[in-house]
Amino acid sequence: MFPAIGLVVLIAMVFGGFTLAGGSLGPILAALPLEFMMIGGAALGAILIGNSMHEIKLLGGGLGTVFKGPRYSHQDHLDAIALTSKLMKLMRSEGAVGLESHVTDPESSTLFGEYPRLQKDKVVRDLICDPLTLMVVSSGTLDTHAVEEVIDTAIKVQLHEMEEPAHTIQSLADAFPALGIVAAVLGVIKTMGAINEPPEILGKMIGGALVGTFLGVLLAYGMTGPMASRLKQINTHDAQIYHSIKQVIIASLHGHPQPLVLEAARSGLPPAHRPKLTDLMDMMRGR
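Report on the accompanying structure. (Residues numbered from 1 in each chain as written. Predicted model: local features only at pLDDT ≥ 70, side-chain atom pairs only at ≥ 80, totals over all residues. Heavy atoms only, no water.)

**Description of helix α2 (residues 25-50)**
Then comes step 1: With 26 residues, α2 should cover 38 Å at 1.5 Å per step; its first-to-last C-alpha distance of 35 Å lies within 8% of that length.
Then comes step 2: At leucine 32, α2 shows its maximal kink, close to 45 degrees; a proline, proline 33, follows between one and four residues later.
Then comes step 3: Residues of α2 that are buried: Ile28, Ala31, Glu35, Ile39, Ala43 and Ile47.
Then comes step 4: Elements that come into contact with the buried residues of α2 comprise α1 (2-20), α3 (53-68), α8 (144-192) and α9 (199-253).
Then comes step 5: Regarding α2, its N-cap is serine 24, as a side-chain oxygen of that residue lies 3.3 Å from the backbone nitrogen of glycine 26 further along. (Helix = DSSP H or I, 4+ residues; strand = E, 2+ residues; numbered from the N terminus. Expected span 1.5 Å × (residues − 1). Bend = angle between axes of the 7 residues up to and from the residue. Buried < 20%, exposed > 50% of the residue type's maximum accessible area, 1.4 Å probe, protein only. Contact = heavy atoms within 4.5 Å. Polar contact = N/O pair within 3.5 Å; in protein donor to acceptor, adjacent residues only side chain to side chain.)

**Some thoughts on the packing of α9 against helix α10 (residues 258-266)**
Then comes step 1: One way to put it is that α9 packs onto α10 with a least axis distance of 8 Å and a crossing angle of 155 degrees. With respect to α10, the element α9 is oriented roughly antiparallel. Note that α9 runs across α10; the crossing there is right-handed. For the pair α9 and α10, the contacting residues are Ser244, Gln247, Val248, Ala251 and Ser252 in the first and Val261, Ala264 and Ala265 in the second.
Then comes step 2: Here the contact of α9 with α10 is composed, by residue class, of five nonpolar, three polar and no charged. (Axes fitted to C-alpha atoms, helices over the stretch in contact; angles between N-to-C directions. Parallel < 35°, antiparallel > 145°, perpendicular 65-115°, else oblique. Left-handed = near helix turned anticlockwise from the far one by under 90°. Nonpolar A, V, L, I, M, F, W, Y, C, P; charged D, E, K, R; others polar.)

**Things to note about a nonpolar patch on the surface**
Then comes step 1: Where nonpolar side chains cluster on the molecular surface, the patch consists of Leu34, Met37, Met38, Ile181, Val182, Val185, Leu186 and Ile189 and spans about 770 Å² of accessible area.
Then comes step 2: Contributing elements (two or more residues each) for the nonpolar patch: α2 and α8.
Then comes step 3: When residues of the nonpolar patch are assigned to their parent elements, the largest contribution, five residues, is made by α8.
Then comes step 4: By the element assignment, leucine 34 lies in helix α2.
Then comes step 5: Owing to a relative accessible area of 58%, leucine 34 belongs among the exposed residues under this scheme. (Patch = residues over 30% accessible without salt bridge, like charges linked within 9 Å, V, L, I, M, F, W, Y side chains within 5 Å. Areas by Shrake-Rupley, 256 points an atom, 1.4 Å probe, with all protein chains shown as cover. Salt bridge = Lys/Arg side-chain N within 4 Å of Asp/Glu carboxyl O.)

**With respect to the packing of aromatic side chains**
Then comes step 1: Inspection of the entire model under this criterion finds two aromatic pairs.
Then comes step 2: Pairing phenylalanine 15 with phenylalanine 214 gives two aromatic rings, centres 5.8 Å apart and planes at 85 degrees, and the pair type is edge-to-face. With phenylalanine 15 in helix α1 and phenylalanine 214 in helix α9, the pair connects residues that are 199 residues apart, well separated along the chain.
Then comes step 3: Judged by its relative accessible area of 17%, phenylalanine 15 falls in the buried class.
Then comes step 4: Ring centres of tyrosine 72 and tyrosine 242 lie 6.0 Å apart, and the angle between their planes is 85 degrees; this geometry places the pair in the edge-to-face category. Residue tyrosine 72 is found in the loop between α3 and α4 (74-104), and its partner tyrosine 242 is found in helix α9; the two are separated by 170 residues along the sequence.
Then comes step 5: Residue tyrosine 72 is classed as buried on the basis of its relative accessible area of 3%.
Then comes step 6: We classify tyrosine 242 as buried; its relative accessible area is 1%. (Phe/Tyr/Trp six-rings, centres within 6.5 Å; stacked < 30°, edge-to-face > 60°.)

**Examining the nonpolar core**
Then comes step 1: Ranked by internal contacts, the top residues of the largest apolar core, which has 45 residues, are Leu83, Leu87, Leu99, Ile128, Leu132, Tyr242 and Ile249.
Then comes step 2: Discounting chain neighbours no more than four positions away, the residues touching leucine 83 are Leu111, Phe112, Tyr115, Leu118 and Ile128.
Then comes step 3: Among the nonpolar cores identified, the runner-up in size contains 20 residues, and Ile39, Phe176, Leu179 and Ala183 belong to it. (Core = buried A, V, L, I, M, F, W, Y, C linked by side-chain atoms within 4.5 Å.)

**What to know about the packing of α1 against α9**
The description of two helices packed together rests on the angle between their axes and the distance between the axes.
Then comes step 1: Here α1 crosses α9 at 155 degrees, and the two axes come no closer than 11 Å. It follows that α1 is roughly antiparallel to α9 by the angle criterion. Between α1 and α9 lies a crossing whose hand is right-handed. Contacts from Leu7, Leu10, Ile11, Val14 and Phe15 of α1 reach α9 at Phe214, Leu218, Gly222, Met223 and Met227.
Then comes step 2: Taken together, the residues of the contact of α1 with α9 break down into nine nonpolar, one polar and no charged.

Printed below as a string of structure tokens:
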């Protein structure tokens, strides 16, 4: 919501201020379509040159994320801690045999079924089930540090994929001013080819050429740069759910009491989504 509002404010303030200062939008609007075609087309071509189809799809999803906001809500963070804690408690009480059906077939699991949003989330599901499946297969004999390394690797790979769109958008932000100069130079070349025209015509042509520089800078610092920053913020927020899951699993495997397990997971959440320890303990008791 805020990115959309921000874009409206950006456009209104820039063009509104220009108009109030006595400027005419006519030359800008006349030159804008072709300038945007050159700059936007060059940016699109650069994306196609520098990325595979997989990265391009990730970029589309990343742009959507900028406007949709974080993937995980406050309740999702709490539910991830609760679900993982229940699974670890089940493993302690019933052993690997009692846990097997839940982690090998989470889509049919009654425990996962209590948290339908997480049950449908493949990333969260795999992050929970893969290391616990290893525990089941090894009958709980795996070293805790080895399990932690597996989880760390899975999180690292997931975060890398999440960060790729932000890197691509930031690269566009870095490139747009230069692409704007390219469009402006082409406009100047066109103007020089009409050097014998009257001053009023040359003035319009030079003004149209400068629209390219203006558009490149505006796209870079007013739009794509802030979008890249916002996407990084969202990724940081969403990544906390993976770290919380890891903390519950590792702290449980170390044999820590449940309050300490919950505190380990809770402390890693963003302040805005960090519940009180007592609230988490009450949730685990079903209150």
